[in-house]
Amino acid sequence: LSGSYLGSQSLTYNGDFLYPMKDGGYVLDRNLRTPDSLNFNVVLLDDSLKKVTALSPFQLDENRRTIYSYSNSLVSYKDGVLYQKNMTDTVFLIDGKSMKPLLTYDFGRDWLWNIEEIASDRLAMRDATMEGTHPWRTISHINPDYVFLNFKGGSEFFKYVFIDRSQGDSKVVDLRKSAGQSYAITPIRWDEDRLVFSLRSTDVVDYIGELDDNQYKFRDGTTLEEIESSENPVLVWVKFK
């Protein structure tokens, strides 16, 4: 409130997510906006927000439903930026002025857009995404060793997968705490080899009740009583072994 106004600058292109590159400049995700003369999904900008190059051309499909994302599709990774748009199975690495696939998730024929009777009907696509009958979107938290994957659609409860990239192993993460209920826990980002989650304060007792005493500890000065009396979510650092 006591700061000094520095100014503002408008973007030349419409977009929803803007992310800074480590070596300067920005990545702009247009988030499936209506194609115009640029006709690309991703635009690389310099420090003054002027276009450097454009990546990922639009692939128009009149039958495919346009679904906008409300989660940031851009996140830092090593010296570059990871990019994953809606309705796709691949995470891309943007490094310098190029974009290349980093990894692809294989749900086989179960991907929503691979089911012909749904993909060919816009109304069926709309209903299927709302009902969550088949996977149609993924949110990835990736570090050099692991992937914590959240997917939308498919199983009602089993929506998280932990992947060990070095071993090629994967495990479904069961977040149910009782019949018909799941922990209100949300992955945020990797902090080196630990993944930071947001957990509802009322779930903490049940959560640590499933752990041995040597499997968890509180930050210095924090008590269980303090957490339970708060309405704020709790930050949890999780290390996978």
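Model, not experiment: these values are computed from the prediction. Each chain has its residues counted from 1, following the order in which its sequence is written. Under the rules for a predicted model, residues below a pLDDT of 70 receive no local features and side-chain atom pairs below 80 are neither given nor counted, while totals for whole chains, interfaces and linings still include all residues. Note that water and hydrogens are dropped before the side-chain values are worked out from all heavy atoms of the structure.

Regarding the sheet that holds strand β17 (residues 234–239)
Each strand in a sheet pairs with another by means of backbone hydrogen bonds, the pair being arranged parallel or else antiparallel.
(1) Moving on: Taken in spatial order, the three strands make up an open sheet running β15-β16-β17, and their pairing is antiparallel. Pairing within the sheet leaves two strands with one partner each, and these edge strands are β15 (185–191) and β17. Between one strand and the next, the sheet's axes are offset by a mean angle of 30 degrees, whatever the strand orientation. Note: two strands are recorded as paired if DSSP finds a minimum of 2 bridges between them. A helix here means a DSSP run of H or I that spans at least four residues, while a strand means a run of E at least two residues long, and both kinds are numbered starting from the N terminus. Angular values range over 0 to 180 degrees, each being the angle between N-to-C directions of two axes fitted as lines to C-alpha atoms, with helices fitted over their stretch in contact.

Considerations on the packing of aromatic side chains
(1) Moving on: Any Phe, Tyr or Trp ring, taking Trp's six-membered ring, that has another such ring centre within 6.5 Å forms a pair; planes under 30 degrees apart are called stacked, those over 60 apart edge-to-face, and the others tilted. Tallied over the entire structure, the rule returns 12 aromatic pairs.
(2) Moving on: When the centroid spacing of 4.6 Å and the interplanar angle of 15 degrees are considered together, the rings of W111 and W113 count as stacked. Per residue, the accessibility class of W111 equals that of W113, and both read buried.
(3) Moving on: Summarising the aromatic geometry, the rings of Y146 and W190 are spaced 5.9 Å apart at their centres and angled 25 degrees between planes, so their arrangement reads as stacked. A residue pair is termed long-range when its members are at least 10 positions apart, and Y146 in strand β10 (residues 146–152) and W190 in strand β15 qualify at 44 residues. For the pair Y146 and W190, a shared accessibility class is recorded, and that class is buried. We call a residue buried when its accessible area falls under 20% of the maximum for its residue type, exposed when it is over 50%, and partly exposed in between, using a 1.4 Å probe and counting protein chains only.

A look at the environment of F148
(1) Moving on: Tracing the chain through its elements places F148 in strand β10.
(2) Moving on: For the pair formed by F148 and Y19, sequence separation is 129 residues and the distance between their alpha carbons is 21 Å.
(3) Moving on: In this analysis, two residues are considered to be in contact whenever any of their non-hydrogen atoms come within 4.5 Å of each other. Sequence-distant contacts of F148, that is, excluding residues within four places in its chain, are made with I139, S140, H141, Y160, V161, F162, V173, P187, L195, F197 and F240.

What about helix α2 (residues 122–131)?
(1) Moving on: Within α2, the full set of buried residues consists of M125, A128 and T129. The buried residues of α2 occupy an angular sector of 95 degrees when the element is viewed end-on, so they sit on one face. Seen from the buried face of α2, the exposed residues on the opposite side, beyond 90 degrees, are L123, M130 and E131.
(2) Moving on: By the criterion applied in these results, polar contacts are pairs of N or O atoms within 3.5 Å in which, for protein atoms, one can donate a hydrogen and the other can accept it, and in which residues neighboring in sequence qualify only through two side-chain atoms. A side-chain oxygen of the first residue of α2 lies 2.9 Å from the backbone nitrogen of L123; this N-cap is D121.
(3) Moving on: Positive backbone phi, at 70 degrees, marks G132, one or two positions downstream of α2. An arc is given here, and it is the one of the directions from the helix axis to the C-beta atoms.

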